Amino acid sequence: MNAVATEGTKTTYREAMREALREALRSDDRVFLMGEDVGRYGGCFGVSLGLLEEFGPDRVRDTPLSESAFVGAGIGAALAGMRPVVEIMTVNFSLLALDQLLNNAATLLHMSGGQLPVPLVIRMTTGAGRQLAAQHSHSLEGFYAHIPGIRVLAPATLEDARHMLAPALADPDPVVVFEHGSLYNASGELLPPTAPVDLDHAAIRRPGTDISLITYGGSLPKARAAADELAAEGIDAEVIDLRTLRPLDGATVTASVARTHRAVIVDEAWRTGSLAAEVSARIAEESFYDLDAPVERVCSAEVPIPYARQLEEAALPQTADIVAAAHRAVD
Amino acid sequence: MSAARPTTRTGKDSAPPKPGRKTATAERKADTGPPPVGRPDVRRRTDLLTAMLRIRRFEERCVELYSAAKIRGFVHLYIGEEAVAVGVNEALTPEDAVVSTYREHGHALARGLTAEAVMAEMYGKATGCSGGRGGSMHLFDASRRFYGGSAIVAGGLPLAAGLALADRMRGMPRVTCCFFGDGAFAEGEFHETANLAALWNLPLLLVCENNLYAMGTALTREHAQTDLAMRAASYGMPAWAVDGMDVDAVEQSARRAVEGIRAGTGPHFLELRTYRFRAHSMYDPDRYRKKAEIEEWKSRDPIDRLTHLMRDNGELDDSELTRIEQRITDEIDRAVDAAEQAPEEPVEDLLRHVTSTSAEEVSRP
């Protein structure tokens, strides 16, 4: 079994996520993990490796390849008092369960006049960068952030991977968690939490005064790298990790733009109708008179993500693109 | 080999011959059907008749109120299918769960929701069983474990499997009953759910209300193989085709299925052959059915059928029937009056119940 991730130890995003699941399974009998290959295979991305041996097949439950059925079953089990954590391999596959997510999970509380809360956590991978081509590489977080009635999280750091699950499970409503595939191998020292993870607010990952780089999930490392390059040029960039995509914390964005007067939004989704579009619109609504330059967006090219390495790289936001966008805003 | 005909308690096939119907190649569990488990007594039959009449009269009043523009939206009437809701509900306890469709007034009333709560919901009032947010298609009552009210065909099936899964994981001796139509049988969600439920041995009663039409599409135009019970049996679960116009047959088959489920033998499937006398919804001009077909099915009206049976047996006379009808009329009158008088949910509360802590979005820029 892989190393147990505890505070102050070197760990990976994958291990941090696994430790969060282990803690959830240990601390609450109502919690169970369900999804394709979560048990014997150890999870498609290795996140749940070892949990079957520790908790047994009832609580680490392999499902058929039936996204709609097992997501819907998670909703029903949540209605009946359980606390399911449902894993969907990728956001592309989640579309087979979108009916259950949108028409049931997100809707039942309201449609029933408040009678039927759905305390469910749904985890899935998202994003490109591993040459998996169009049906395994998309970033549809914005689809889900569009839907009232669910909370959408995008843990981008080891700490969020380790500590977001507990408050997500404590939330009485459905929570969708996006784990960017390129983050699983990210490693570092897991810092002890100074406070419970706050699922309502964005985080300032790097304070700065000259420009706001606003991003989430798998693009955070790229935005940080861009901020480092800009710093070497004497441009002090603030990096904001939205981390909760719904409800979106517009106040943190507004306050940052009020300090820096410039904004670049980095979003691996397609530009049209993206979360970047929503953030951009909010800045236009709330911060128009604070801006010294037009808002810049760095998004994926409007193309199904291709397989060939050079094409995939060209389709995705890269650090150089973020630096270039920052220059356009600052110059 | 000729198409096998389902054997029900009364030995009658509720479905008319269908042109082009394919021949069953597997031995059908329908042929061995659930045996009778004792006839209900007079009191019981009176209760069944009353329950069916209550649904019928409630919906007839809904037609009037819809025409008077008192209630709006899509309204899908259950008239003709009352034996299904009433018969199946007789086999369930208050601890069991029921998942329903958009044609669920009958299920809701049979489950014990008050006419007042349902009518207020039809009016969109604050006192409605869904606080005015659901309407005709989304009736809910958590206290009665009545989980709606789903307007997505087959959308309730996975959810029902989850309710059953939770009971199974916690060792609770409860059954989840999921109603759906023949249209849902064509959806992947039915097959995903049947597979999951059989694979995991879930305490799930799958009740297919085969009324021969998925909206306006006839069974023979939507299914390559129209023998639904046989297809369900292929998942390895007991499956019976039953005359859905005979409340006794429905009740007996449901009881037998529920007994099996409680004994731990996993999901059971009932195909209840029934018919809606009215169109798909109040908007539907019903151009796809022949009048003769409708009249033929009306001759098997489950309410008339039970009434005649009880009269023939000397179990019901005119004065008793009048008393029953009067009680129902009074109840519905009171429900309509209450709905008329009930307060509307204030517009200020529009964003309530979006999330459990609601209205958080409006306070944010």
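These numbers come from a predicted model, not from an experiment.

Definitions and limits used
- All residue numbers here refer to positions counted from 1 along the written sequence of the relevant chain.
- Here every chain gets a letter starting at A, and every ligand a number starting at 1, in the order they are written.
- Local features in this predicted model are restricted to residues whose pLDDT is 70 or higher, and side-chain atom pairs enter the listing and the counts only when it is 80 or higher, whereas totals over whole chains, interfaces and linings include all residues.
- No hydrogens and no water enter the side-chain calculation; it runs on all heavy atoms of the structure.
- Secondary structure follows DSSP: runs of H or I at least 4 residues long count as helices, runs of E at least 2 residues long count as strands, and numbering of each begins at the N terminus.
- For each residue, the accessible area found with a 1.4 Å probe, counting protein chains only, is set against the maximum for its type, and the residue is called buried under 20%, exposed over 50%, and partly exposed in between.
- In this analysis, two residues are considered to be in contact whenever any of their non-hydrogen atoms come within 4.5 Å of each other.
- Accessible surface is estimated by sampling points in the Shrake-Rupley manner with a 1.4 Å probe; for residues, cover comes only from the protein chains shown.
- When charges are counted, neither His nor the chain ends are considered; positive counts come from Lys and Arg and negative counts from Asp and Glu.
- Positions of charges follow a simple convention, taking NZ of Lys, CZ of Arg, CG of Asp or CD of Glu.
- A helix is expected to span 1.5 Å multiplied by its residue count minus one.
- Only strands joined by at least two bridges in the DSSP assignment are considered to pair.
- Convention adopted: a line fitted to C-alpha atoms gives each axis, helices being fitted over their contacting stretch, and angles between N-to-C directions are expressed from 0 to 180 degrees.
- UniProt positions are given in the numbering used here, feature names are shortened, and annotations may be inferred rather than shown by experiment.
- Buried area is understood as the total, over both parts, of accessible area removed when two parts are fitted together, assessed with a 1.4 Å probe.
- Salt bridges are counted wherever a side-chain nitrogen of Lys or Arg sits within 4 Å of a carboxyl oxygen of Asp or Glu.
- Nitrogen and oxygen atoms within 3.5 Å of one another constitute a polar contact, given that in protein one can donate a hydrogen and the other can accept it, and given that sequence-neighbouring residues count only through two side-chain atoms.
- Pairing of aromatic rings covers Phe, Tyr and Trp, the last through its six-membered ring, and needs centres within 6.5 Å; plane angles under 30 degrees mean stacked, over 60 mean edge-to-face, and all others mean tilted.
- Counted as over-ring charges are cases with an Arg CZ or a Lys NZ within 6 Å of the ring centre that also lie within 35 degrees of the ring normal.
- Roughly parallel means an angle under 35 degrees; roughly antiparallel means over 145; roughly perpendicular covers 65 to 115; every other angle is labelled oblique.
- Left-handed describes a crossing in which the near helix is turned anticlockwise from the far one by less than a right angle; the clockwise case is right-handed.
- Residues are grouped as follows: Ala, Val, Leu, Ile, Met, Phe, Trp, Tyr, Cys and Pro are nonpolar; Asp, Glu, Lys and Arg are charged; all remaining types, including Gly, are polar.
- The quantity called pLDDT is the predictor's confidence in a given residue, expressed from 0 to 100.
- Note on disulfides: each one is a pair of cysteine sulfur atoms within 2.5 Å.

Enquirer: For this particular structure, what's the right way to read the overall build of chain A?
Expert: Counting its regular elements, chain A contains 14 helices and 14 strands. Taken across its 331 residues, chain A has 62% of its residues classed as buried. By sequence separation, contacts in chain A at least 24 residues apart represent 80% of the contacts at least 6 residues apart. Counting only carbon and sulfur atoms, one obtains 55% of the accessible surface of chain A, whose full area is about 11,800 Å². Across chain A, the mean location of the 27 positive side-chain charges is 3 Å away from that of the 45 negative side-chain charges.

Enquirer: Explanation requested: the side chain of B:Arg61 in the structure shown.
Expert: Note that B:Arg61 resides in helix 2 (residues 42-67). Residues contacting B:Arg61, with those up to four places away along its chain left out, are B:Met119, B:Thr329, B:Ile332, B:Asp333 and B:Val336.

Enquirer: Can you help me understand the environment of B:Asp301 in this one?
Expert: Residue and element names in this part refer to chain B. Looking at the element boundaries, Asp301 is found in the loop between helix 12 (291-298) and helix 13 (302-312). Asp301 sits 203 residues away from Val98 along the chain, and the two C-alpha atoms are 25 Å apart. Leave out the neighbours within four places in its chain, and Asp301 touches Arg56 and Phe277.

Enquirer: Can you walk me through helix 14 (residues 318-341) of chain B in this structure?
Expert: In an α-helix there are 3.6 residues to a turn, and that puts residues three or four apart on one side. Between its terminal C-alpha atoms helix 14 of chain B stretches 34 Å, which fits the 34 Å expected from 24 residues at 1.5 Å a residue. On its buried face, helix 14 of chain B sits against helix 2, helix 5 (115-122) and helix 13 of chain B.

Enquirer: I would appreciate a short explanation of the sheet that holds strand 4 (residues 204-210) of chain B in the present structure.
Expert: The strands that make up a sheet are held in pairs by hydrogen bonds between backbone atoms, and each pair lies either parallel or antiparallel. All names here are of chain B. Read from one edge to the other, the open sheet built from 6 strands follows the order 2-1-3-4-8-7, with strand pairing classed as parallel. Edge positions in the open sheet fall to strand 2 (146-149) and strand 7 (239-243), since each of these has one partner strand only. Strand-to-strand, the axes of this sheet are offset by a mean angle of 15°, without reference to chain direction. With 6 bridges connecting them, strand 4 and strand 8 (residues 268-273) associate as parallel partners. Residue Glu209 lies in a different strand from strand 8, and its bridge partner there is Leu272. Where helix 6 (residues 156-169) meets the sheet, it contacts strand 1 (97-100), strand 2, strand 3 (176-181) and strand 4, and its direction lies at approximately 170° from that of strand 3.

Enquirer: It is not clear to me how the UniProt feature "transmembrane region" (unreviewed entry) in chain B should be interpreted in this structure. Could you clarify?
Expert: UniProt records the feature "transmembrane region" (unreviewed entry) for residues 146-166 of chain B in the present numbering. Secondary structure content for residues 146-166 of chain B is 52% helix and 19% strand, and the end C-alpha separation is 16 Å.

Enquirer: Would you explain the UniProt feature "domain: Transketolase-like pyrimidine-binding" (unreviewed entry) in chain A in this entry?
Expert: According to UniProt, the feature "domain: Transketolase-like pyrimidine-binding" (unreviewed entry) maps to residues 11-186 of chain A in the numbering used here. Within the segment residues 11-186 of chain A, helix and strand shares are 38% and 19% respectively, and the terminal C-alpha atoms sit 8 Å apart.

Enquirer: Looking at this structure, I do not really get the interface of chain B and chain A. What am I missing?
Expert: Frequently, the measure chosen for interface size is the accessible area that the parts lose on association. Residue-level contacts link 41 residues of chain B with 48 residues of chain A. With both sides pooled, the region where chain B packs onto chain A buries about 3,600 Å², and carbon together with sulfur makes up 62% of that total. If you look at where chain B meets chain A, you find 0 salt bridges. If you look at where chain B meets chain A, you find 17 residue pairs in polar contact (both at pLDDT 80 or more). For the side of chain B that touches chain A, the secondary structure elements donating two or more residues are strand 2, helix 6 and helix 8 (188-199) of chain B.

Enquirer: It is not clear to me how the packing of aromatic side chains should be interpreted in this structure. Could you clarify?
Expert: What describes a pair of aromatic rings is the distance from one ring centre to the other and the angle between the planes of the rings. Counted under the stated rule, the structure contains 12 aromatic pairs over all chains. For the ring pair B:Tyr275 and B:Trp297, a centre distance of 5.0 Å and an interplane angle of 5° mean the geometry is stacked. Remark: B:Trp297 occurs in helix 12 and B:Tyr275 occurs in the loop between strand 8 and helix 12; sequence separation between them is 22 residues. In this pair, the class of B:Tyr275 matches that of B:Trp297, namely buried. Between the NZ or CZ atom of A:Arg61 and the centre of the ring of B:Trp200, over which it lies, the distance is 4.5 Å. Stacked on the ring of B:Trp297, the Lys or Arg B:Arg300 has its end atom at 4.4 Å from the ring centre.

Enquirer: I would appreciate a short explanation of the packing of helix 2 of chain B against helix 13 of chain B in the present structure.
Expert: Relative placement of two packed helices is described by the angle separating their axes and the distance separating the axes. Residues and elements named next belong to chain B. Running from N to C, helix 2 and helix 13 cross one another at 150°; their axes reach a closest spacing of 10 Å. Put simply, helix 2 runs roughly antiparallel to helix 13. Relative to helix 13, helix 2 is oriented so that their crossing is left-handed. Facing helix 2, whose interface residues are Val42, Arg45, Thr46, Leu48, Leu49, Met52, Leu53 and Arg56, helix 13 presents Pro302, Ile303, Leu306, Thr307, Leu309 and Met310. Looking at the contact of helix 2 with helix 13 residue by residue, the class counts come to 10 nonpolar, 2 polar and 2 charged.

Enquirer: How should I be thinking about the pattern of salt bridges in this particular structure?
Expert: Pairing is possible between side chains that carry opposite charge, provided their charged atoms lie close to one another. All names here are of chain B. Under the criterion given, the structure shown has 45 salt bridges over all chains. For Glu325, the salt bridge goes to Arg57, with nearest N and O atoms at 2.6 Å. Remark: Arg57 occurs in helix 2 and Glu325 occurs in helix 14; sequence separation between them is 268 residues. The shortest N-O distance in the salt bridge between Arg305 and Asp246 comes to 3.5 Å. Taken as a pair, Arg305 in helix 13 and Asp246 in the loop between strand 7 and helix 11 (247-262) lie far apart in primary sequence, 59 residues in all.

Enquirer: What is the right way to read the confidence of the model for chain B from this model?
Expert: Caution applies to low-pLDDT regions: their predicted coordinates should not be interpreted in detail. All names here are of chain B. Per-residue confidence for chain B gives a mean pLDDT of 89; residues scoring 70 or more make up 87%. Low confidence marks residues 1-36, where pLDDT is under 50. Its contacts with residues over four positions away, or in another chain, come to 79 contacts. Between residues 360-365, whose pLDDT stays under 50, and residues either more than four places distant or in other chains, the model counts 14 contacts. Model confidence for the complex: the whole-complex pTM is 0.91, and ipTM, which rates the interface, is 0.92.

Enquirer: Explain the state of the cysteines to me, please; I cannot follow it from the model alone.
Expert: By definition, a disulfide links the sulfur atoms of two cysteines through a covalent bond. Residues and elements named next belong to chain B. Overall, the coordinates contain 0 disulfides over all chains when judged by the stated rule. Of all cysteine sulfurs in the structure, the one in Cys129 sits closest to Cys62, which takes part in no disulfide; the separation is 12 Å. Of the residues examined, Cys62 reaches a relative accessible area of 1% and is grouped as buried. With no disulfide of its own, Cys208 has Cys178 as its nearest cysteine by sulfur position, at a separation of 10 Å. On the accessibility criterion, Cys208 (0% relative accessible area) is buried.

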